[in-house]
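# Observations on the three-dimensional arrangement
Here are the chains, one letter per residue:
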Amino acid sequence: MLSRLVLVSGSALKSSGPLGAGLVQASRTLHTSPQSLAPVPPLPEKGGKTRHGIIPEELFQLLYPKTGVTGPYMLGTGLLLYMLSKEIYVINHETFAAASIGIVLIYGVKKFGPSVAAFADKLNEEKVAKAQEVKDLAMSSLTEAIEDEKKEQWRVEGRGMLFDAKRNNVQMLLETNHRERQHMVTNEVKKRLDYQIALQNLHRRLQQEHLVNWVEKSVIGSITPQQEKESIAKCITDLKLLAKSTQAKATV
């Protein structure tokens, strides 16, 4: 009967609160199958409700539908009387010593438990604060590193544009130098051509002057003194006739 009760309570505790989770986790540690590597639910930070300090509340909730409110107490009393009557457990001096030690432990827990718990919580909070500070520092440094990396990536992207601009500047300089050289060549060729044209004009002018001088000398050399006198007399006669005609026109 007791074995059936233990089995039934164990199966019910698996689906119950923190105590059931602890029993399930303890049972899983004994497994050797790959299922033991499966994730288990996290352990609760605080223990479940208990009665009289050591009896889980789940046990009362398990026996309440079948035995009522007094069922757990009657079960515990019956088990204790059965063990004493059958001499499974014999009361001796160790029992009184254990009871005394238990009373002292319970008194110590009740008396100093809250202060010790507060001190432990304070230590835990300090550890958590230090861990959080380290985490925040690491997160800030990593965030800064990420921002620096993004900035470097942006600079790398802009480096291509910078190289394109420099390449265009180099091409413009080459084009400018090419055009300057072409202009210089054009000016030099134009100077050479202008020199040839000026040289040709000089030769032509010298030829014309030489030809005019030769013609003048030839004409002057071909005129005799008699022809010169006749031409002078002819000119004087023409001038007199021109003067008379001019006077006649003036009088009219």
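Because the structure is a prediction, the values reported are computed rather than measured.

Rules used throughout
- Residues numbered from 1 in each chain as written.
- Predicted model: local features only at pLDDT ≥ 70, side-chain atom pairs only at ≥ 80, totals over all residues.
- Heavy atoms only, no water.
- Salt bridge = Lys/Arg side-chain N within 4 Å of Asp/Glu carboxyl O.
- Helix = DSSP H or I, 4+ residues; strand = E, 2+ residues; numbered from the N terminus.
- Buried < 20%, exposed > 50% of the residue type's maximum accessible area, 1.4 Å probe, protein only.
- Patch = residues over 30% accessible without salt bridge, like charges linked within 9 Å, V, L, I, M, F, W, Y side chains within 5 Å.
- Areas by Shrake-Rupley, 256 points an atom, 1.4 Å probe, with all protein chains shown as cover.
- pLDDT = per-residue confidence, 0-100.
- Contact = heavy atoms within 4.5 Å.

Looking now at the pattern of salt bridges. Scanning all chains against the criterion turns up six salt bridges. Note that Asp 238 is salt-bridged to Lys 234, the shortest N-O span being 3.9 Å. Placement of the pair is Asp 238 and Lys 234 together in helix 6 (residues 225–251), with a separation of four residues, close to one helical turn. Judged by relative accessible area, Asp 238 falls into the partly exposed class, the value being 37%. By relative accessible area, which is 53% here, Lys 234 ends up exposed.

Let's shift gears to a nonpolar patch on the surface. A cluster of nonpolar side chains, Leu 80, Leu 81, Tyr 82, Met 83, Leu 84, Ile 88, Tyr 89, Ile 91 and Phe 96, forms an exposed patch at the surface whose accessible area comes to about 900 Å². Ranked by residues supplied to the nonpolar patch, first place goes to helix 4 (residues 71–85) with five residues. Within the secondary structure, Ile 88 is located in the loop between helix 4 and helix 5 (93–222).

Before going further, it helps to spend a moment on the confidence of the model for the protein. With 84% of its residues at a pLDDT of at least 70, the protein reaches an overall mean of 81. Per-element mean pLDDT across the protein ranges from 41 in helix 1 (residues 2–14) up to 90 in helix 5. A low-confidence stretch, residues 1–31 (pLDDT under 50), is modelled with 27 contacts involving residues beyond four sequence positions or located in other chains.

Inspection of the secondary structure puts Thr 95 in helix 5. Setting aside chain neighbours within four positions, we find Thr 95 in contact with Tyr 89 and Val 90.

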